[in-house]
Amino acid sequence: MKVSYHGHSVVKIETEGKTIVIDPFITGNRLTDLSVDDLKVDVILLTHGHNDHVGDTLQLAKQNDALVIAPFELATYLSWKGVKVHEMHIGGAHQFEFGHVKLTQAFHGSSYTEENQTIVYTGMPSGILFTAEGKTIFHAGDTALFSDMKLIGERNTIDVAFLPIGDNFTMGPEDAAVAAEWLQAKTVVPIHYNTFPVIEQDPVAFAESLSGKKGRALAVGEVIEL
């Protein structure tokens, strides 16, 4: 399995001959190395409905005939836009041909802002536990620190955890460091930073602050092989 980071909260997973992208915010993401026109994707996983996470989902799903997996209200909304969806909700899990997906809670908001300034409610935000080839990846989505991260860590053997560190909208570095301890992940990768001035952080300093040398600040496009 190959896992790579592509700026903001964009994570790509290559497993079992499938390419999976989490929160594909590409257009307008000055930090990404991806191109919407060139990206081949089979599955899109979404943590919540904010525009900087839904991103280019509609175009990618339509041009690749990709499946979109998202919390129920967000998936329903996207299905009305003409894409294939699989609806899930927090605490629920499903075994797909390419891997096992379970949604966890996240403490944040979830809505999509239309071009006419209409805000569409898109249900509860989530984190994602993805398991394939005997490896588990946790993408926390946008979230504050919450104590049930201890439970997530106790009940799952997490190989890589992607945690937001940007502060202001999500956990900052200090809270993310606590989350890293509670989750007990073998490797912790910071996400959701430096895309906008208000979330500027030092990912290397965060990674180096974690005990056990488990922190790893990935360069954009860098790959971890599991």
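Our structure is the block above this text.
Note that this is a predicted model, so its numbers are computed, not measured. (Residues numbered from 1 in each chain as written. Predicted model: local features only at pLDDT ≥ 70, side-chain atom pairs only at ≥ 80, totals over all residues. Heavy atoms only, no water.)

Brief notes about unusual backbone geometry
Stage number 1. Unusually for a residue other than glycine, E16 sits at a positive phi of about 50°.
Stage number 2. In this fold, E16 is placed in the loop between β2 (11-15) and β3 (18-22).
Stage number 3. With relative accessibility at 53%, the residue E16 sits in the exposed group. (Helix = DSSP H or I, 4+ residues; strand = E, 2+ residues; numbered from the N terminus. Buried < 20%, exposed > 50% of the residue type's maximum accessible area, 1.4 Å probe, protein only.)

A look at the pairing of strand β12 (residues 135-139)
Stage number 1. Counting buried positions along β12 yields four of five residues, so the element is predominantly enclosed.
Stage number 2. One ladder, built from five bridges, connects strand β11 (residues 126-132) with β12; its direction is antiparallel. The residue bridging A132 from the neighbouring strand is K135, located in β12.
Stage number 3. Counting the residues in the hairpin turn of β11 and β12 gives two residues, including E133, whose phi is positive at 55°.
Stage number 4. With three bridges joining them, β12 and strand β13 (residues 160-164) adopt parallel strand pairing. Paired with I137 across the bridge in β13 is V160.
Stage number 5. Handedness of the crossover joining β12 and β13 through helix α4 (residues 149-155): right-handed. (Pairing = 2+ DSSP bridges. Right-handed = clockwise from strand over helix to strand, strands pointing away.)

A few points about the sheet that holds β3
Stage number 1. Read across the open sheet, the seven strands follow the order β6-β5-β4-β3-β2-β1-β15; overall the sheet is mixed. For this open sheet the edge positions go to β6 (84-88) and β15 (223-225), each flanked by a neighbour on one side alone. The average undirected angle you get between the axes of adjacent strands in this sheet is 20°.
Stage number 2. Across five bridges, the pairing between strand β5 (residues 67-71) and β6 is parallel. (Axes fitted to C-alpha atoms, helices over the stretch in contact; angles between N-to-C directions.)

Comments concerning the pairing of strand β7 (residues 93-96)
Stage number 1. With four bridges connecting them, β7 and strand β8 (residues 99-105) associate as antiparallel partners. Among the inter-strand pairings, A93 is bridged to a residue of β8, identified as K102.

A word on helix α3 (residues 72-79)
Stage number 1. What α3 keeps buried is the set L74, A75, T76, Y77 and L78.
Stage number 2. Next to the buried residues of α3 lie α1 (51-54), α2 (57-64), β5, β6, β9 (111-113) and β10 (119-121). (Contact = heavy atoms within 4.5 Å.)

A word on the packing of aromatic side chains
Stage number 1. Evaluated as defined, the whole model comprises five aromatic pairs.
Stage number 2. Between Y77 and Y112, the ring centres sit 5.8 Å apart and the planes meet at 40°, which makes this aromatic pair tilted. Separated by 35 residues along the polypeptide, Y77 in helix α3 and Y112 in strand β9 bring together distant segments of the chain. One exposure class covers both Y77 and Y112, and it is buried.
Stage number 3. Judged by centre distance (6.4 Å) and plane angle (20°), the ring pair of F98 and F130 falls under stacked. Highlighted residues: F98 in the loop between β7 and β8 and F130 in strand β11, separated in sequence by 32 residues. Assigned by exposure class, F98 and F130 land together as buried. (Phe/Tyr/Trp six-rings, centres within 6.5 Å; stacked < 30°, edge-to-face > 60°.)

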